[in-house]
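This is what each chain is made of:
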Amino acid sequence: MRLKDVFISELKKRGIERIGTRLKKVISAEDPIARMALYVANGKAEVCKSDGGLQHSFTLDGHFTNLPPHAYVGRCMTEILLSKEELTSHPFPYILVDCRFYDEHSEKERWKLELQVKQTLGIVREYMWDEKLIVTHNFGYGRFYPSAEQFLREKRIDKVVLLDPNGEELFDNTNAECFIIGGIVDKSGKKKGYTSRIAKELEKEGIDVDSRRIELRGDVIGVPDRINHIAEIVLKVVLDGKGVEEAVKEVQPPLVAKWRLRKDLHERTVRVCAGGKTFRVVARSEFDYFKEWLNIRKQDFYEVCREQRFFIVSDRVMERIKEGEWDERRRCFRLFKNR
C-alpha cells in the first residue's frame, strides 16, 4: 500500500469523495491525488473543509469534474480534516542510503552517486514521502544524518535489512523498518565487497543487520545495481506486494537485461556440424522464453545473437536439426541427415 492508497482511505473515512485544490503543481500533475497526498505528508498542505470557493474537483480515482469538492488541499482557513501527523502515522519503511565510503570515490563517481540519490528521492516520492529517504551525505535530497548508526539508534529501529549482492539470504517480501542501500558507485572496480563492509561496521556498533541479496532466477546478474533501481525494486515488493522477479523486470533497463541474456543464451543453443564446420543455432522462439523474465526487445535478442555468432532459425528447422544424426565424437548434431 502506497501513501496515495492511505490518503484515499483516510478521505473515505471522512466521507470525502471529491477533493479540490488551488495548487497549480497539483492540478497539472500526472496523478493529482498522489501529488496531494505527497503535499500533505511533506507538511506543505492540509486537507481542509470546503469553503465553497472551488467549483471543480477531482474524484478519488483522479478524474477531473466540474462538481464542487467536499474538501480541498491547501493551507486551511477552515477546519482541518486531515493533517500531516494523521496521514504519516501509518507505518512505512525507511530507505537509507549509506554513503560512509563517499571520500573513496572519484569525482565522476561522486557526481553519479549524487545523481542516483536524487533519482532515488523521485522513486520514494512515488511510494511514500521525502522524510522516508535517509542519506548519510548532505546532497540536499531526503533527510540527512551523519551516520546510519545515529539514525537507527535515534529512531530505535530494530528490523534492518541491508541490500547486499553478497548477502547470505535472498530478498523477498521482508518485514523491515529500514532498508539500507550502499551509497557506492564503482567505476574503478576497486570497491567490491564494500556493501558487506557496511554490515560489519554496523554489527561492530551493536546493530543487528539482515543482509539479503536480490536475485533473478538464481543469479545476481541482470539485477540493476543503481541505487534508485534497487530502491524501486524494494518498494515494489514491500509496498505493492509484487514478486521479486516481476519487480526486477519492471525496473530493469534493457542494457542490464542484455547482460543476463549474454550469460544464459549459450545454454539455449544447439551445436551443429555442416560442410566441415561447426556453429551454434538458436530457435527464434527462445526470445519468448527470455521475454517472460527479462526486459528485452527483439532487437536486443538479435543483437546478442549476432555478437555471439549464433544463427537464428525457425522452430521447424530446429526440430529437423534435433532429428538429425548425433556425432558423439564432435558432440554436435549433423545437419539434416535425411534431407
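Residues numbered from 1 in each chain as written. Predicted model: local features only at pLDDT ≥ 70, side-chain atom pairs only at ≥ 80, totals over all residues. Heavy atoms only, no water.

A. Layout of the overall build of the protein. Helix and strand counts for the protein stand at 13 helices and 18 strands. A compact globule built from 339 residues should have a C-alpha radius of gyration of about 20 Å, whereas the protein, at 26 Å, is more than 25% larger. The buried share among the 339 residues of the protein stands at 48%. A total of about 17800 Å² of accessible surface is found on the protein, and carbon and sulfur atoms cover 45% of it. Distance from the positive charge centre (63 side chains) to the negative charge centre (56 side chains) of the protein: 6 Å. (Helix = DSSP H or I, 4+ residues; strand = E, 2+ residues; numbered from the N terminus. Rg over C-alpha atoms; globule rule 2.2 N^0.38 Å. Buried < 20%, exposed > 50% of the residue type's maximum accessible area, 1.4 Å probe, protein only. Areas by Shrake-Rupley, 256 points an atom, 1.4 Å probe, with all protein chains shown as cover. Lys, Arg positive; Asp, Glu negative; His and termini not counted. Charge placed at Lys NZ, Arg CZ, Asp CG, Glu CD.)

B. Up close: the state of the cysteines. A complete count under the given rule lists one disulfide for this structure. With its sulfur 1.9 Å from that of its partner, Cys 48 forms a disulfide with Cys 76. One quick way to see it: the torsion about the S-S bond of Cys 48 and Cys 76 is about -90°, and its sign makes the bridge left-handed. Of this pair, Cys 48 sits in strand 2 (residues 46–49) while Cys 76 sits in the loop between strand 5 (71–74) and strand 6 (80–82), placing them 28 residues apart in sequence. As a non-bridged cysteine, Cys 178 has Cys 99 as the owner of its nearest cysteine sulfur, 13 Å distant. The class of Cys 178 is buried, set by a relative accessible area of 0%. (Disulfide = S-S within 2.5 Å.)

C. Expanded view of the pattern of salt bridges. Here the structure, examined in full by the defined rule, presents 29 salt bridges. With a closest N to O distance of 3.3 Å, Arg 212 and Glu 169 form a salt bridge. Here Glu 169 lies in strand 11 (residues 169–170) and Arg 212 lies in strand 13 (residues 210–213), a separation of 43 residues in the sequence. Judged by its relative accessible area of 12%, Arg 212 is buried. (Salt bridge = Lys/Arg side-chain N within 4 Å of Asp/Glu carboxyl O.)

D. Quick peek at the side chain of Asp 130. Looking at the secondary structure, you find Asp 130 in the loop between helix 5 (107–127) and strand 8 (133–135). Among the polar contacts made by the side chain of Asp 130, one reaches the side chain of Asn 42 at a distance of 3.0 Å. (Polar contact = N/O pair within 3.5 Å; in protein donor to acceptor, adjacent residues only side chain to side chain.)

E. Here's a closer look at the packing of aromatic side chains. Going through the model one piece at a time under the given rule, you end up with 13 aromatic pairs. The interplanar angle of 70° and the centroid separation of 4.9 Å between the aromatic rings of Tyr 289 and Phe 290 together place this pair among those described as edge-to-face. Residue classification places Tyr 289 among the partly exposed positions, given a relative accessible area of 26%. Classification of Phe 290 by relative accessible area gives buried; the value is 1%. Pairing Phe 290 with Trp 293 gives two aromatic rings, centres 5.9 Å apart and planes at 40°, and the pair type is tilted. Like Trp 293, Phe 290 is buried. Through pairs of rings, three or more aromatic residues link up here, namely Tyr 94, Tyr 145 and Phe 151. Here the guanidinium or amino end of Arg 22 rests over the ring plane of Tyr 72, the centre of that ring lying 5.6 Å away. Above the face of the Tyr 39 ring, Lys 44 is positioned so that its terminal group lies 5.8 Å from the ring centre. (Phe/Tyr/Trp six-rings, centres within 6.5 Å; stacked < 30°, edge-to-face > 60°. Lys NZ or Arg CZ within 6 Å of the ring centre and 35° of its normal.)

F. Spatial organisation of the pairing of strand 1 (residues 18–21). Bridge count for strand 1 against strand 3 (residues 57–59) is two bridges, and the pairing is antiparallel. By the bridge assignment, Arg 18 is partnered in strand 3 with Thr 59. Two strands pair when backbone bridges link them, and strand 1 and strand 5 are joined in this way by three bridges, in the parallel orientation. Its bridge partner lying in strand 5, Thr 21 is registered against Val 73. (Pairing = 2+ DSSP bridges.)

G. Broad picture of the side chain of Asn 228. By secondary structure assignment, the location of Asn 228 is in helix 8 (residues 227–238). Exposure remark for Asn 228: the relative accessible area of 7% places this residue in the buried category.

H. View of the packing of helix 8 against helix 9 (residues 244–251). For the pair helix 8 and helix 9, interaxial distance at closest approach is 9 Å and the crossing angle is 140°. Relative to helix 9, the element helix 8 lies oblique. Between helix 8 and helix 9 the crossing geometry is right-handed. Facing His 229, Glu 232, Ile 233, Lys 236 and Val 237 of helix 8, the residues of helix 9 in contact are Val 244, Ala 247, Val 248, Glu 250 and Val 251. A class-by-class count of the residues in the contact of helix 8 with helix 9 yields six nonpolar, one polar and three charged. (Axes fitted to C-alpha atoms, helices over the stretch in contact; angles between N-to-C directions. Parallel < 35°, antiparallel > 145°, perpendicular 65-115°, else oblique. Left-handed = near helix turned anticlockwise from the far one by under 90°. Contact = heavy atoms within 4.5 Å. Nonpolar A, V, L, I, M, F, W, Y, C, P; charged D, E, K, R; others polar.)

I. A look at the sheet that holds strand 2. Read from one edge of the open sheet, six strands run 4-3-1-5-2-6, paired in mixed fashion. Because the sheet does not close on itself, it has two edges, and the strands there are strand 4 (64–65) and strand 6. As paired strands, strand 2 and strand 5 are joined by four bridges and run antiparallel to one another. Among the inter-strand pairings, Cys 48 is bridged to a residue of strand 5, identified as Tyr 72. Helix 1 (residues 3–13) rests against strand 1, strand 2, strand 5 and strand 6 of the sheet, and its axis sits at about 130° to strand 6.

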